[in-house]
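# Fold and contact review
Given next are the chains, with one letter for each unit.
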Amino acid sequence: MGTIEEDILECPVCQDLFTDPVTLPCGHNFCLTCIRNVWDADVSDAGPFFCPECQIMLPSSPTLEINTSLQTKVKDFTINRSAAMGQKTAPSGTSICCDHCIEEKAVAVRTCLTCDASLCQAHALLHRERAALREHTLVEVIEDPMSMKCREHREELKLFCKEEKVPVCCLCALVGVHKSHQTVQIHEACSDFKGMLETTMSQLLRRRSEAEHVIKDLESLYAETLKSTADFRERISEKYSRIRFVLDGDERLMMQIIDAEETYMTAWLDTQRAIMEVHLKEINNLRAASKSLLQETNDLKFLQYYSKPLDLAPIQEVDKDLCDPERLRTVERLIDDLSMALAQHLPRMWSYLSTLSLDSKTAHPKLELSQDRKQVQWSRQPLGEVPSSQPYDSQYSVLAEECFTTGKHYWEVIVQEKPYWLLGMTTGPLPNKDGPTVNISSPDMNKTSWYIYHGDGQYLACHNAQEKQLSAGGKRLRKLGMFADLQKGELSFYDADTLAVVHCFAVECKEPLYPVFNPCIDMSGLNRQPLILLCLRDCD
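Residues numbered from 1 in each chain as written. Predicted model: local features only at pLDDT ≥ 70, side-chain atom pairs only at ≥ 80, totals over all residues. Heavy atoms only, no water.

### Focus on the overall build of the protein
- Secondary structure assignment for the protein yields eight helices and 23 strands.
- In the protein, buried positions account for 32% of the 540 residues.
- For the protein, the share of sequence-separated contacts (at least 6 apart) that also reach a separation of at least 24 residues comes to 55%. (Helix = DSSP H or I, 4+ residues; strand = E, 2+ residues; numbered from the N terminus. Buried < 20%, exposed > 50% of the residue type's maximum accessible area, 1.4 Å probe, protein only. Contact = heavy atoms within 4.5 Å.)

### Section: the packing of aromatic side chains
- One pass over the structure, following the stated rule, counts seven aromatic pairs.
- Each ring, one from Tyr-352 and one from Phe-483, has its centre 5.7 Å from the other, and the planes form 50 degrees; the classification is tilted. A residue pair is termed long-range when its members are at least 10 positions apart, and Tyr-352 in the loop between helix H8 (326-343) and strand S11 (367-369) and Phe-483 in strand S19 (residues 479-485) qualify at 131 residues.
- Between the NZ or CZ atom of Arg-235 and the centre of the ring of Phe-232, over which it lies, the distance is 4.4 Å. (Phe/Tyr/Trp six-rings, centres within 6.5 Å; stacked < 30°, edge-to-face > 60°. Lys NZ or Arg CZ within 6 Å of the ring centre and 35° of its normal.)

### Digging into the environment of Ile-258
- By the element assignment, Ile-258 lies in helix H6 (residues 186-294).
- Residues Ile-258 and Pro-325, spaced 67 residues apart in sequence, show a C-alpha to C-alpha distance of 9.7 Å.
- If near-sequence neighbours (up to four positions away) are discounted, Ile-258 is found in contact with Leu-328 and Val-331.

### With respect to the packing of H6 against H8
- At a minimum axis separation of 9 Å, H6 and H8 run at an interaxial angle of 165 degrees. The orientation of H6 relative to H8 falls into the category roughly antiparallel. In terms of crossing hand, the pair formed by H6 and H8 is left-handed. Taking contact as the criterion, the partners of Leu-247, Asp-250, Met-254, Ile-257, Ile-258 and Glu-261 in H6 are, on H8, Arg-327, Leu-328, Val-331, Leu-334, Ile-335 and Leu-338.
- For the contact of H6 with H8, the class distribution of residues is nine nonpolar, no polar and three charged. (Axes fitted to C-alpha atoms, helices over the stretch in contact; angles between N-to-C directions. Parallel < 35°, antiparallel > 145°, perpendicular 65-115°, else oblique. Left-handed = near helix turned anticlockwise from the far one by under 90°. Nonpolar A, V, L, I, M, F, W, Y, C, P; charged D, E, K, R; others polar.)

### Side note on the layout of surface pockets
- By volume, the second largest pocket amounts to about 1,400 Å³.
- Around the second largest pocket sit 20 residues that line it, and Arg-233, Ile-236, Trp-350, Leu-534 and Leu-536 are the ones nearest its centre.
- At six residues, the largest contribution of residues to the lining of the second largest pocket is made by H6. (1 Å grid on protein atoms, 1.4 Å probe; cavity = no way out; pocket = protein on both sides within 12 Å on 5 of 7 lines; lining within 4 Å. Points joined across faces, edges and corners; volume = space filled by probe spheres on them.)

### A few points about the nonpolar core
- Counting 36 residues, the largest nonpolar core has Trp-411, Val-413, Leu-423, Leu-491 and Phe-517 as the members making the most contacts within it.
- Setting aside residues up to four positions removed in sequence, Val-413 forms contacts with Leu-423, Arg-478, Lys-479, Leu-480, Met-482, Phe-517, Leu-531, Ile-532 and Leu-533. (Core = buried A, V, L, I, M, F, W, Y, C linked by side-chain atoms within 4.5 Å.)

### Description of the sheet that holds S19
- Ordered in space as S11-S12-S23-S14-S19-S20-S21, the seven strands form an open sheet in which the pairing is antiparallel. Strands at the two margins of the open sheet, each flanked by one partner only, are S11 and strand S21 (500-506). Within this sheet the neighbouring strands show an average axis-to-axis angle of 20 degrees, counted without direction.
- The pairing of strand S14 (residues 408-414) with strand S23 (residues 531-533) spans two bridges and is classified as antiparallel. In the strand pairing of S23, Val-413 is matched with Leu-533. (Pairing = 2+ DSSP bridges.)

### Things to note about a nonpolar patch on the surface
- There is a patch of nonpolar side chains on the surface, built from Phe-232, Ile-236, Tyr-240, Ile-243, Leu-247, Leu-338, Leu-342 and Leu-346 and spanning about 670 Å² of accessible area.
- If you list the elements that add at least two residues to the nonpolar patch, you get H6 and H8.
- Looking at the nonpolar patch element by element, the count peaks at five residues for H6.
- With respect to the helices, strands and loops of the structure, Phe-232 is situated in helix H6. (Patch = residues over 30% accessible without salt bridge, like charges linked within 9 Å, V, L, I, M, F, W, Y side chains within 5 Å. Areas by Shrake-Rupley, 256 points an atom, 1.4 Å probe, with all protein chains shown as cover. Salt bridge = Lys/Arg side-chain N within 4 Å of Asp/Glu carboxyl O.)

### Some details on the pairing of strand S12 (residues 375-378)
- Judged from the three bridges that link them, S11 and S12 form a sheet pairing that is antiparallel. Bridge pairing in S12 links Glu-368 to Gln-377.

Listed below in structure tokens is the structure:
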């Protein structure tokens with residue numbers, strides 16, 4: 001481990017003493033080559049650029065200027081360390097040697113741009129003391145003095161061209177390519193740019209404060225969202241519990257009615273049976289007495305016992321209407337009424353939710369699909385120039401793997417804050433004899449395509465090259481629901497949060513229909529957000 005001073009003068013990337021140190025707006029220092037290597041490896045030419053130490057985002061194309069003060073400290077530290085170790089001369093290949101030393105080359109501490117020579121401490125002192133050399137320009141020691149001079153005129157770069165934004169020499173401004181350009185002194189330009197950099201740093205600090213505030217708001221919203229969903233989950237569970245309690249109570253009531261009806265009806269039937277059994281017993285007794293009387297041979301005795309014919313009451317038939325289960329049919333009718341009332345609300349439209357997957361074979365090459373094929377967005381990778389077309393050009397689409405010909409099907413797409421998107425249905429991909437299937441071209445001009453386009457707050461219903469502006473209830477849709485009822489021949493678009501109808505198309509097509517998704521081209525980084533297919537998770 002080095003000394004504290006050495007640790008301060010070491011680059012965090014290469015862990016060695018700074019070489020051409022530069023200071024980023026956040027205040028951290030790096031070797032010029034090291035920071036360029038980091039950015040070349042981690043970011044594209046367009047950025048974003050960041051500090052490897054604190055990860056703060058930097059403005060696009062940040063200017064990297066050598067920190068001469070830090071460079072001087074590094075060189076002084078090197079000289080002092082060499083002196084402490086008894087090394088008066090420069091180690092081979094590690095330092096710049098004095099060009100004026102003859103026998104034993106000392107370490108150079110200054111470079112004379114006028115002489116194009118590197119000077120040790122002693123010869124640099126001579127340059128300051130001699131009148132003839134006093135006007136020479138001495139700078140921190142550099143390996144290539146020509147890097148600070150004009151390559152064309154070999155003159156010092158004392159001026160700065162405002163138009164080309166480059167340092168120039170006096171001859172360039174007088175007779176060279178910068179002759180008609182406005183120039184200022186290098187120190188004036190440096191002062192101006194430092195002022196601009198300080199302003200930029202102030203803006204960055206303000207932006208950082210704003211970003212930190214937004215992050216706090218997001219964290220607060222995240223916590224509120226979790227609490228809100230938990231509260232809703234609990235309340236909805238309680239409501240369903242109450243519904244189940246009411247239904248269970250109603251079922252118990254109806255079963256009690258049926259039980260009571262069964263009890264009283266069977267009791268009445270038992271009573272009627274007992275009455276008939278008494279009649280039957282009396283009839284049997286009379287029949288036995290009559291049979292005994294018929295066997296009497298004494299006429300006087302016969303006449304004494306038999307005075308007149310028996311007056312028997314008729315046997316009444318059971319009134320079956322009294323056993324009709326009319327009350328039970330009333331119970332069944334009440335249950336049917338309840339079932340019909342529930343059927344008006346069930347099944348929910350969400351019950352028809354289809355789990356769709358995007359078909360990578362139909363995706364435009366500038367679209368990126370997620371690994372699970374539930375998300376699609378405009379490519380983040382540079383794939384050449386973006387075609388000069390409208391954001392909603394239908395060719396930037398991908399179809400679902402699933403197609404529909406009959407039945408009812410519902411799916412939802414999360415759009416959130418995307419300023420541009422296009423969603424709907426179209427006829428399927430055409431077979432390509434040269435390879436994989438390809439998407440049918442220009443579905444917006446196709447009579448068998450129906451979709452809604454959102455462009456910067458405006459909603460359009462599009463079919464057969466015709467467009468109709470929609471109001472969407474005066475609100476920004478966060479999720480769009482699509483319900484295809486192919487028996488009725490309808491394709492309806494919903495605000496998936498409120499289930500309010502946004503628009504309904506009449507669909508007349510016998511071909512298989514595919515959901516189509518178009519995230520639209522990226523507009524200056526503002527439309528990179530993906531379209532996300534909503535999928536329901538199985539409850540535990």
